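Architecture at a glance
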Amino acid sequence: MKQNKAYLTIKKTTPKKRDAQKRITDFNPTYYIFNKDEAQNQSLRCLKCPVDVLKGMTSEFSFCRTGCPLENKIPLWIEQVKNGNIKEAFKYSNETSPFPEILGMVCPQDVLCQGACTITQTETGSVTIGAIEVYLNEQAFKMGLIPDYGQKIEKTTKKVAIIGSGPAGMSCATFLLRAGIGVDMFEKSDRPGGLLTYGIPNFKIQKDVILRRFNWMQEAGLNLHLNTDISNSKQIKNMLDNYDAIFVALGAPKSKNANLKNEDAHGVYHVMDILKHAQKRVFQDFYEAILEDKNIVVIGGGDSAMDAVRTSVRMNAKSVRCVYRRDEHSMPGSRKEVINAKEEGVIFEFNTAPKEVIVNEKYNVKGLICQKTELVEVKGQKRKKLNVIQDSDFVLECDIIILALGFDNFIFPWYDTAEINTGKWGEIIVDENKRTSNRRIFAGGDSVRGADLAVTAAADGRKAAYTIISDLTQ
Ligand code: SF4
């Protein structure tokens with residue numbers, strides 16, 4: 001077989017970015033979408049690793065498909081993009097993924113599909129899978145193509161309730177609708193999309209992209225109930241009486257605390273409150289200045305911390321610092337987000353641990369006492385140990401502190417009524433088919449895994465949908 005060596009001669013390119021000084025003045029997208037030439041050119045670099053032979057192979061070999069939690073058939077749609085056949089590419093892309101154009105924007109590809117790409121270890125680097133995925137779907141939408149939500153098949157009499165409209169719920173609804181199963185979705189917020197809408201800033205994903213998917217689903221029969229909190233046992237009993245199955249996709253809604261002295265002072269916020277507030281301002285629901293002209297310190301090193309620092313910059317903060325306990329190399333989030341934040345003027349305080357919030361007489365934040373840290377090798381352990389350096393205290397003066405330290409599960413009181421078992425972290429226990437201890441209730445996403453990625457939530461939603469379809473159609 002003739003080997004494709006185009007990856008050696010065609011340079012890897014990523015989507016162009018807006019100039020940092022311009023993009024910090026608004027919440028519009030950071031990246032441009034590939035044009036046709038860019039997408040086709042980058043598609044030429046794909047080696048076309050065979051998708052079915054490699055399915056499930058994870059040990060010594062890694063390929064794009066094994067790195068993608070949805071096991072998307074990536075080489076198939078890349079080949080179609082290369083040939084200029086958007087219709088076929090769209091079909092393959094949407095077959096396994098419930099919202100590929102969204103995941104192409106929000107997935108940390110460097111640790112997923114692109115991290116596993118066969119040519120990722122070469123000097124030229126991986127195929128830019130996520131950017132091609134976004135391009136082909138946006139191109140298809142421009143051509144008037146609409147995703148399959150079972151529009152053309154006969155509906156069954158079966159009905160499923162989905163609690164939560166984030167990525168897990170959206171994914172489950174997609175595959176149920178495709179099978180002709182009715183879906184009622186319940187969302188406590190005023191807009192659908194969960195974390196995609198209120199937890200990821202507009203400059204990473206614009207909300208009309210998410211609402212577009214909901215519009216199509218509603219046109220195909222989805223009953224979406226917004227501002228509807230499912231929080232008590234009576235509601236669950238009613239659901240069990242009126243639906244054939246329930247899918248729980250409530251996320252991990254509890255922000256972690258830092259357990260610092262004075263952490264409840266005025267001016268200390270959890271990251272989700274800030275991100276939601278910023279997004280509501282983008283929606284023009286209201287105007288309230290929180291971060292303007294303030295010195296901000298964000299504690300944390302993951303993607304939520306990067307979202308918070310970049311949001312603060314756009315809210316005209318006077319200064320924005322990120323405090324992270326380990327070194328830059330150990331940061332858990334996406335590398336490109338750290339680069340974006342630096343370009344936008346964020347100052348990083350690495351090897352720095354927060355110790356105490358300083359307050360004034362009105363209990364307002366005045367600063368943060370920090371300590372320097374060091375990482376030390378421990379024999380037999382991969383992860384270095386973190387030591388706090390004695391007498392290294394120093395003060396970061398600030399007006400606002402944002403805690404971006406991750407999220408915990410919340411045990412809803414109705415879990416007992418529904419006979420759903422939970423684990424020691426409050427996570428819902430499911431089997432490999434996403435079934436809980438109650439045969440008719442399924443769960444997925446962060447409510448099962450703890451805080452994780454949109455794409456893993458999407459994979460859970462799809463798996464649960466397949467199990468429900470199998471249960472209801474036998
Ligand atoms: Fe890559 Fe995410 Fe798309 Fe899978 S869903 S191919 S991991 S960008």
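None of the values given here were measured: they were computed from a predicted structure.

1. What about the overall build of the protein chain?
Scanning the protein chain for helices and strands turns up 20 helices and 16 strands. Overall size of the protein chain, expressed as C-alpha extent along the three principal axes, is 65 × 65 × 50 Å. Looking at the protein chain as a whole, 54% of its 474 residues qualify as buried. Residue pairs in contact within the protein chain that sit at least 24 positions apart in sequence constitute 70% of those at least 6 positions apart. When the accessible surface of the protein chain is totalled, it reaches about 22100 Å², and 48% of it is carbon and sulfur. Averaging the coordinates of the 65 positive side-chain charges in the protein chain and doing the same for the 58 negative ones gives two points 4 Å apart.

2. Some points on the domain arrangement of the protein chain
Here the protein chain is partitioned into domain 1 (6-142), domain 2 (159-253 + 408-473) and domain 3 (257-405). Averaged C-alpha coordinates put domain 1 and domain 2 at centres separated by 27 Å. Taken together, the contacts link 23 residues of domain 1 with 25 residues of domain 2. At the junction of domain 1 and domain 2, the tally comes to 2 salt bridges. We note a salt bridge from glutamate 101 to arginine 213, for which the minimum N-O separation is 2.8 Å. On the surface where domain 1 and domain 2 come into contact, there are 11 residue pairs in polar contact (both at pLDDT 80 or more). Of all the secondary structure elements, the ones that give two or more residues to the side of domain 1 that touches domain 2 are helix 7 (86-96), helix 8 (100-106) and helix 10 (129-142). Examining the composition of the side of domain 1 that touches domain 2, we find that 6 residues originate from one element, helix 8, more than from any other.

3. Points about the packing of aromatic side chains
Evaluation of the coordinates by the stated rule reveals 11 aromatic pairs. A centroid spacing of 5.6 Å and a plane angle of 70° characterise the contact between phenylalanine 175 and tyrosine 466, whose relative ring orientation is edge-to-face. In this pair, phenylalanine 175 is assigned in helix 11 (residues 167-178) and tyrosine 466 in helix 20 (residues 454-472), connecting sequence segments 291 residues apart. For tyrosine 466, a relative accessible area of 42% puts it in the partly exposed group. Taken together, the aromatic side chains of Phe410, Phe412, Trp414 and Tyr415 make up a single cluster linked through ring pairs. The ring of tyrosine 31 is capped by lysine 336, whose NZ or CZ atom sits 5.4 Å from the centre of that ring. The lysine or arginine in question, lysine 342, covers the ring of phenylalanine 348, its NZ or CZ lying 6.0 Å from the ring centre.

What counts, and at which threshold
Residues numbered from 1 in each chain as written. Predicted model: local features only at pLDDT ≥ 70, side-chain atom pairs only at ≥ 80, totals over all residues. Heavy atoms only, no water. Helix = DSSP H or I, 4+ residues; strand = E, 2+ residues; numbered from the N terminus. Buried < 20%, exposed > 50% of the residue type's maximum accessible area, 1.4 Å probe, protein only. Contact = heavy atoms within 4.5 Å. Areas by Shrake-Rupley, 256 points an atom, 1.4 Å probe, with all protein chains shown as cover. Lys, Arg positive; Asp, Glu negative; His and termini not counted. Charge placed at Lys NZ, Arg CZ, Asp CG, Glu CD. Domains from an automatic or database assignment. Salt bridge = Lys/Arg side-chain N within 4 Å of Asp/Glu carboxyl O. Polar contact = N/O pair within 3.5 Å; in protein donor to acceptor, adjacent residues only side chain to side chain. Phe/Tyr/Trp six-rings, centres within 6.5 Å; stacked < 30°, edge-to-face > 60°. Lys NZ or Arg CZ within 6 Å of the ring centre and 35° of its normal.

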